[in-house]
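Descriptive structure summary
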Amino acid sequence: MTGLPTHARVVIIGGGVAGCSLAYHLAKLGWTDILLVERKQLTSGTTWHAAGLIGQLRASANMTRLAKYTADLYARLEEETGVATGMRQCGSISAALTSERMEELLRSASMARAFGVDVEEISSGEIKRRYPHLEVSDVVGGVFIAKDGQGDPANITHALAKGARMNGVRIVENAKVTAIRQAGGRVTGVDVAAGAETARIDCDHVVNCAGMWAHGVGAMAGVAVPLHACEHFYIVTEPIPGLGQLPVLRVPDECAYYKEDAGKILLGAFEPVSKPWGMEGIPEDFCFDQLPEDFDHFEPILEKAVARMPVLAETGIHTFFNGPESFTPDDRYYLGEAPELRNFWVACGFNSIGIQSSGGAGMALAQWMEDGEPPFDLWDVDIRRVQPFQRNRTYLRKRVTETLGLLYADHFPYRQPATARGVRRSPLHEHLKARGAVFGETAGWERANWFAREGQEREYRYSWKRQNWFDNQREEHLAVRNSVGLFDMSSFGKIRVEGRDACAFLQRLCANDIDVEPGRIVYTQMLNERGGIESDLTATRLSETAFLLVVPGATLQRDLAWLRRHVDDAFAVVTDVTAAEAVLCLMGPQSRDLLEKVSPNDFSNSGHPYGTAREIEIAMGIARAHRVSYVGELGWELYVSTDQAAHVLEALLEAEPELKLCGIHTLDSCRIEKAFRHFGHDITDEDHVLEAGLGFAVKPEKGDFIGREAVLRKRDAGLSRRLLQFKLEDPEPLVYHNEAVVRDGEIVGTVTSGNYGHFLGGAVGLGYVPAAGETAEALLASRYEIEIAGQRHAAVASLKPIYDPQAERVRM
Ligand SMILES: Cc1cc2nc3c(=O)[nH]c(=O)nc-3n(C[C@H](O)[C@H](O)[C@H](O)COP(=O)(O)OP(=O)(O)OC[C@H]3O[C@@H](n4cnc5c(N)ncnc54)[C@H](O)[C@@H]3O)c2cc1C
């Protein structure tokens, strides 16, 4: 007898902090029949040995919201459950040793204010006052967050487990899930080995909270969960007399954090090159295990720490700890329903911040499971961002050597991963490389981000100020505005939807009217029931029964999942054809002249109007030319079978040897001048399509579609906020993302995306501003500033694109 039930509504796999938090929150929502199974004992994986730092400020508003929720939850858990959590809001200091780091801290302080986190900028003297043992002569300054804290990870988890049990959750230890059963694309149950027996449990939902085992648990279900364990180190000193209670201290430039606990110092490391672990699999009997010490590996951190805190030189080391933790390719954890399998959920891959993340992650996932949709934008951590290839373990092992250290690395804008590169390449890759391309990576794709000049270093020199490619971008940008430039956008996600019901199916999903003549291209969004934007795309009608949907490369898996989830019984087949075609975008006022040199087709306004796609002959090949533009100029996107892509590029370059090759940075700087929205930043599933200013692409009169009711309701109720475009008056400062938007002296929001408007002559950003009951005139009559690293800069605000507001240039 295993003592396990034969049925549960949900089986949660894993009794670490993530699994226990989810169980706690589902039970709070009133779920019953919740079963949590743990292969050994609660906390015995990674949770028991965490350092217990609990910070509040994360890189986006919603991640910060979750981290704040976590801190509040842990603070009240003790009273609720009677289990002491050790939670102490002792504050935290982050100290900068360079001016670039200081800029990062100051920028994050501005962001924190916009997110409602109390942050104080402090001088090196003030750091010394609050942390007397520190050597601060080379400290530039820092920030202090009063409500940050620390807690006891194992006890927090036991408190969550107790809270869960108090609300009816059944927790079974020494019970290991060995198989996940499914039918019709849905989870149906799990097999659980307990002692010598195996129980078969039917269930409606399974949640993978298996920490560093989650990759393997995902594989049982055919679900990609790309993560890999790395060794993670800290030491604990002997007691230091007179230490007193201290805030948590981070010195990221020395890859170190310090936590005072019971008169001792815990010193932890986020070294730049970390050690993957578990390549041959995790030992079956792993339970509260430690990994072998590696003093040589830790020594460089310790050496700097001793110089930073000289008292450490006289203090013995009580514990040298090395434990495994799971890391993901982009340093962000995974939450949500797997795109491959319905009702298979994940909460894992916590990249050494699982304690501070799990309270919020458990709450958000529970709500997501309850409603069937995320409670707010969680794209940062959504499992649907995963690319199928990323479950490859060689790739993961290489990449995670870097992700651990990224936690404390400078988080420069445009920073690219240095490891595990080159997996997905356009057929033009080598051609572009030979012509100076400097590549960045998105969704595994190598994409030309900018082009170096002859003799120029082909490397990024990162900074918060102008980076070394700023002038290259300017030249590319102006070529697009004044003559013609070529972008390789082969990384676009391309989805073919075909079949007798394709049109009706897409009409139900898209907010715009896609029942158009073959050859027409429609810009549209797919909405959720709240009117939020699930997908931003163009739909090209190829024939009566076939459509090509073009989406950003980064959202392809999410978009495929959305389509497949809704196809139901419709006679329509959804196929990913991304790799079948390369996309060469020829953009600029002279693009027509150039095309006419290589193609006999008619590119006039009457022969090939804006918003249409035509098959063309080009050099000796065939392409489909789509007349659309994401940069706001006359131009064509050439969809070329991958085998002919290089030929077409060569023909274009032969016809126009001076043709300017342009990178993704220029695509972005051009689109921001046109205020074109970028999914994941300016528009998300939380942003109502009307408030995003995309009402022109919504056609409620066409009949029913998902989100229509929400659109009509919003039309009646009026907009509560609006997306504005801002251009800084001073040409010097740079805007990236998350800078505070200030209206008449008060912070009212953040910049959702930003870049430099080389044509307009200043930084440009987009951002939402509360606008309930206000007219457009009243909104624009205010005085706007953007706060960057604590400094406020005057900005012009506009509801229409500042560049070419009448969209005349695309119709030239
Ligand atoms: C040295 C170190 C210091 C850290 N410091 C901090 C910190 O200061 N702050 C912070 O926020 N985070 C910190 N972390 C990270 C934090 O510990 C982790 O992110 C967190 O514990 C992960 O929790 P989890 O529940 O996802 O995984 P785990 O705790 O590993 O739980 C997963 C559980 O799943 C079980 N399981 C696996 N497979 C199965 C199966 N098939 N059937 C049943 N059960 C299964 C395992 O036995 C395990 O108990 C630190 C990590 C390390 C290594």
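Read on for a plain summary of the structure. (Residues numbered from 1 in each chain as written. Predicted model: local features only at pLDDT ≥ 70, side-chain atom pairs only at ≥ 80, totals over all residues. Heavy atoms only, no water.)

The next point concerns the packing of helix α12 (residues 502–509) against helix α13 (residues 556–566). In contact at an axis separation of 11 Å, α12 and α13 are set at 110 degrees when each is read in the N-to-C sense. With respect to their mutual orientation, α12 and α13 come out roughly perpendicular. The hand of the α12/α13 crossing is right-handed. Listed contacts from α13 to F505, L506, R508 and L509 of α12 are W562, L563 and H566. (Axes fitted to C-alpha atoms, helices over the stretch in contact; angles between N-to-C directions. Helix = DSSP H or I, 4+ residues; strand = E, 2+ residues; numbered from the N terminus. Parallel < 35°, antiparallel > 145°, perpendicular 65-115°, else oblique. Left-handed = near helix turned anticlockwise from the far one by under 90°. Contact = heavy atoms within 4.5 Å.)

Next up on the list: the pairing of strand β15 (residues 264–269). With five of six residues buried, β15 is to be regarded as a mostly interior element. When strand β14 (residues 256–261) meets β15, the two strands line up antiparallel, connected through six bridges. Across the sheet, the residue bridging to K259 is L266, located in β15. Between β14 and β15, which pair antiparallel in sequence order, lie two residues; one of them, A262, sits at a positive phi of approximately 50 degrees. (Buried < 20%, exposed > 50% of the residue type's maximum accessible area, 1.4 Å probe, protein only. Pairing = 2+ DSSP bridges.)

Another aspect to go through is the pattern of salt bridges. Inspection of the entire model under this criterion finds 54 salt bridges. The salt bridge partner of E80 is K28, with a shortest N-O separation of 2.9 Å. In this pair, E80 sits in helix α2 (residues 61–81) while K28 sits in helix α1 (residues 17–28), placing the two residues 52 residues apart along the sequence. Look at E80 and you get partly exposed, because its relative accessible area is 28%. In this structure, R743 engages E774 in a salt bridge whose closest nitrogen and oxygen atoms are separated by 2.7 Å. Linking R743 in strand β33 (residues 740–743) with E774 in the loop between β35 (762–770) and α18 (776–781), this pair joins segments that are 31 residues apart in sequence. Look at R743 and you get buried, because its relative accessible area is 14%. Overall, E774 belongs to the partly exposed group, its relative accessible area being 29%. Connected through salt bridges with shared partners, the residues D382, R384, E534, R558 and D685 form a single ionic network. (Salt bridge = Lys/Arg side-chain N within 4 Å of Asp/Glu carboxyl O.)

Let us now look at the nonpolar core. A general feature of soluble globular proteins is that nonpolar side chains tend to end up buried together. Formed by 47 residues in total, the largest nonpolar core has its most connected members in I12, Y74 and L335. Broken down by secondary-structure element, the contributors of at least two residues to this core are β1 (7–13), α1, β2 (34–37), α2, α5 (153–166), β18 (344–348) and α8 (354–371). Of the residues forming this core, the biggest block, eight residues, is contributed by α1. Apart from residues lying up to four places away in sequence, Y74 is in contact with V17, I54, T85, M87, I156, L160, I355, S358 and G359. Membership of the second largest hydrophobic core comes to 35 residues, among which are L57, F115, V751 and A771. (Core = buried A, V, L, I, M, F, W, Y, C linked by side-chain atoms within 4.5 Å.)

The next subject is the sheet that holds strand β31 (residues 660–662). Taken in spatial order, the six strands of this open sheet run β28-β29-β30-β27-β21-β31, and their pairing is mixed. Both outer strands of the open sheet, β28 (613–618) and β31, are each paired with one neighbouring strand and no more. Averaged over all pairs of adjacent strands, the angle between their axes in this sheet comes to 30 degrees, without regard to strand direction. Note: strand β21 (residues 485–488) against strand β27 (residues 581–587), four bridges, orientation antiparallel. Its bridge partner lying in β27, G485 is registered against M587. Across the face of the sheet, helix α14 (residues 591–598) comes into contact with β27, β28 and β30 (635–641) while running at roughly 35 degrees to β30. Contacting β21, β27, β28, β29 (621–626), β30 and β31, helix α15 (residues 645–655) runs over the sheet at an angle of about 20 degrees to β27.

Moving on: the state of the cysteines. In protein chemistry, a disulfide is the covalent bond that joins the sulfur atoms of two cysteines. A complete count under the given rule lists zero disulfides for this structure. Sulfur of C203: no disulfide; nearest cysteine sulfur belongs to C209 and is 13 Å away. Cysteine C585 remains unbridged, with the sulfur of C662 as its closest cysteine sulfur at 10 Å. Relative accessible area serves as the criterion here: at 3%, C585 is assigned to the buried category. (Disulfide = S-S within 2.5 Å.)

Here we come to the environment of H566. As for its placement among the helices and strands, H566 is situated in helix α13. Residue H566 is classed as buried on the basis of its relative accessible area of 18%. Residues H566 and V598, spaced 32 residues apart in sequence, show a C-alpha to C-alpha distance of 42 Å. Residues contacting H566, with those up to four places away along its chain left out, are F505, R508, L509 and I706. Here W562 takes part through its backbone oxygen, which lies 2.7 Å from a polar atom of the side chain of H566. (Polar contact = N/O pair within 3.5 Å; in protein donor to acceptor, adjacent residues only side chain to side chain.)

Strand pairing in a sheet relies on backbone hydrogen bonds, with the paired strands running either antiparallel or parallel. Taken together, eight strands build an open sheet; the order of strands is β5-β6-β4-β13-β14-β15-β12-β16 and the sheet is mixed. The two strands at the open ends of the sheet, each matched to only one other strand, are β5 (119–122) and β16 (317–327). Averaged over all pairs of adjacent strands, the angle between their axes in this sheet comes to 20 degrees, without regard to strand direction. Where strand β12 (residues 228–237) lies against β15, three bridges are found, and the strand directions are antiparallel. Bridging across to β15, Y234 finds its partner in G268. Relative to β12, helix α9 (residues 393–406) is tilted by about 30 degrees, and along the sheet it contacts β12, β15 and β16.

This brings us to the packing of aromatic side chains. All chains considered together, the criterion is met by 29 aromatic pairs. A centroid spacing of 5.0 Å and a plane angle of 65 degrees characterise the contact between F389 and Y395, whose relative ring orientation is edge-to-face. Overall, Y395 belongs to the buried group, its relative accessible area being 6%. With a centroid separation of 5.9 Å and an interplanar angle of 10 degrees, the aromatic rings of Y630 and F676 are classed as stacked. Of this pair, Y630 sits in the loop between β29 and β30 while F676 is found in the loop between α16 (664–673) and α17 (708–717), placing the two residues 46 residues apart along the sequence. With relative accessibility at 26%, the residue F676 sits in the partly exposed group. Taken together, F412, Y414, W450, Y460, Y462, W464, W469 and Y736 form an aromatic cluster joined through their ring pairs. (Phe/Tyr/Trp six-rings, centres within 6.5 Å; stacked < 30°, edge-to-face > 60°.)

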